[in-house]
Amino acid sequence: MSESPISIVIVEDEPEFRRRFAQIIESEPSMQLVGVAANRREAQTIIDRENFDVLLIDLGLPDGNGIDLIRQVSQKKPDADIMVVTVFGDEQHVVSSIEAGATGYVLKDSTPADVISCIRLLRAGGSPVSPVVARSVLRAIRNRMGATASPAARSATPEDNPLSTRETEILQLLAKGMSFNEIGEILGISPHTVTAHIKKIYRKLAVHSRSEAVYEATQMGLLRT
């Protein structure tokens, strides 16, 4: 039995890029284009109406900020992956997008083959980023480390915490040794949704396991003792 195609929504205000991305997706048999939006208003309608696996989104929209949409989709559709495709590779845009819930970030100079590979990597649990973007992330981490003399000794403020309230709750339960099923029962959500949240936690903290997540969150002051 073949797997279902990866369903994708595109939010892009520039007609040429929008057309190119749509053609890339429609030419790939393993993927399905379920919606295309040129602005935030159109995107909102599609997001509310459709179920999808991947959101490809630009940040500079004519009627609003793409980061607000990223945050909304991350909270309302935790199973979806969000990949920013933009011309902005600076630290502020990159970090703000990741903190809002983006799971990938590539620049618009990517080739069609790159975009397809990045989408597949997203659905496999990876976090594709362009080299320039990776440099911005590393610079942000260094700046944050330099601004914090003793991370373990401080408590994170809401502005410092890259995790959502739900993700922080799940991380607290992970730290107590709870299983995914137990966390789901406590919070009233399915184990599948718990797994989706944990995947986002790992990406935001740049870790690959429960122990690494707990250690990193403790160092950042995100966990209550």
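Residues numbered from 1 in each chain as written. Predicted model: local features only at pLDDT ≥ 70, side-chain atom pairs only at ≥ 80, totals over all residues. Heavy atoms only, no water.

1. Structural notes on the environment of Ser127
By secondary structure assignment, the location of Ser127 is in the loop between α5 (112–123) and α6 (131–146). Judged by its relative accessible area of 36%, Ser127 is partly exposed. Sequence separation between Ser127 and Asp81 is 46 residues; the distance between their C-alpha atoms is 9.4 Å. In contact with Ser127, other than residues within four places in its own chain, are Thr103, Leu121 and Arg203. Side chain to side chain, Ser127 and Arg203 meet in a polar contact 3.3 Å long. (Helix = DSSP H or I, 4+ residues; strand = E, 2+ residues; numbered from the N terminus. Buried < 20%, exposed > 50% of the residue type's maximum accessible area, 1.4 Å probe, protein only. Contact = heavy atoms within 4.5 Å. Polar contact = N/O pair within 3.5 Å; in protein donor to acceptor, adjacent residues only side chain to side chain.)

2. Things to note about the packing of aromatic side chains
All told, the structure shown has 1 aromatic pair when counted by the stated rule. Taking NZ or CZ as reference, Lys108 lies 4.3 Å from the ring centre of Phe17, over its face. (Phe/Tyr/Trp six-rings, centres within 6.5 Å; stacked < 30°, edge-to-face > 60°. Lys NZ or Arg CZ within 6 Å of the ring centre and 35° of its normal.)

3. Some points on the layout of surface pockets
In this structure, the second largest pocket occupies an estimated 330 Å³ of space. Lining the second largest pocket we find 16 residues, and of these Arg71, Gln75, Glu99, Ser164 and Lys204 sit closest to its centre. Those elements giving two or more residues to the lining of the second largest pocket turn out to be α3 (66–76), α4 (91–100), α7 (165–175) and α9 (191–205). With 4 residues, α3 is the largest single contributor of residues to the lining of the second largest pocket. (1 Å grid on protein atoms, 1.4 Å probe; cavity = no way out; pocket = protein on both sides within 12 Å on 5 of 7 lines; lining within 4 Å. Points joined across faces, edges and corners; volume = space filled by probe spheres on them.)

4. Let's talk about the side chain of Asn39
Mapped onto the elements, Asn39 comes out in the loop between β2 (31–37) and α2 (40–49). A polar contact is formed between the side chain of Asn39 and the backbone nitrogen of Glu42, at a distance of 2.8 Å. Apart from the residues within four sequence positions on either side, Asn39 is in contact with Val11, Leu61, Pro62 and Asp63.

5. Section: the nonpolar core
Among the nonpolar cores identified, the biggest contains 24 residues, and Val11, Leu55, Ile57 and Ile70 are the most heavily contacted of them. Residue assignment for this core shows that the elements contributing at least two residues are β1 (6–11), α2, β3 (54–57), α3, β6 (81–86), α4 and β7 (104–107). A total of 4 residues in this core trace back to one element, the largest contributor, which is α3. Here Val11 is in contact with Ala37, Asn39, Ala43, Leu55, Leu56, Ile57, Asp58, Leu61 and Leu69, once residues within four sequence places are set aside. (Core = buried A, V, L, I, M, F, W, Y, C linked by side-chain atoms within 4.5 Å.)

6. Section: α9
In a regular helix each residue adds 1.5 Å, so 15 residues correspond to 21 Å; α9 covers 21 Å between its end C-alpha atoms and thus fits that length. Burial of α9 is extensive: 11 of the 15 residues sit out of reach of the surface. The first or second residue beyond α9 is Ala206, which carries a positive phi of 60 degrees. (Expected span 1.5 Å × (residues − 1).)

7. Here we look at the pattern of salt bridges
Tallied over the entire structure, the rule returns 14 salt bridges. For the salt bridge of Arg49 with Glu50, the shortest nitrogen-to-oxygen distance reads 3.0 Å. Arg49 sits in the exposed class, given a relative accessible area of 53%. Close ionic contact of Asp81 with Arg203 constitutes a salt bridge, the shortest N to O distance being 2.6 Å. Pair noted here: Asp81 is in strand β6 and Arg203 is in helix α9, with a separation of 122 residues, a long-range link. Here Asp81 falls in the buried class, since its relative accessible area comes to 1%. For Arg203, a relative accessible area of 14% puts it in the buried group. (Salt bridge = Lys/Arg side-chain N within 4 Å of Asp/Glu carboxyl O.)

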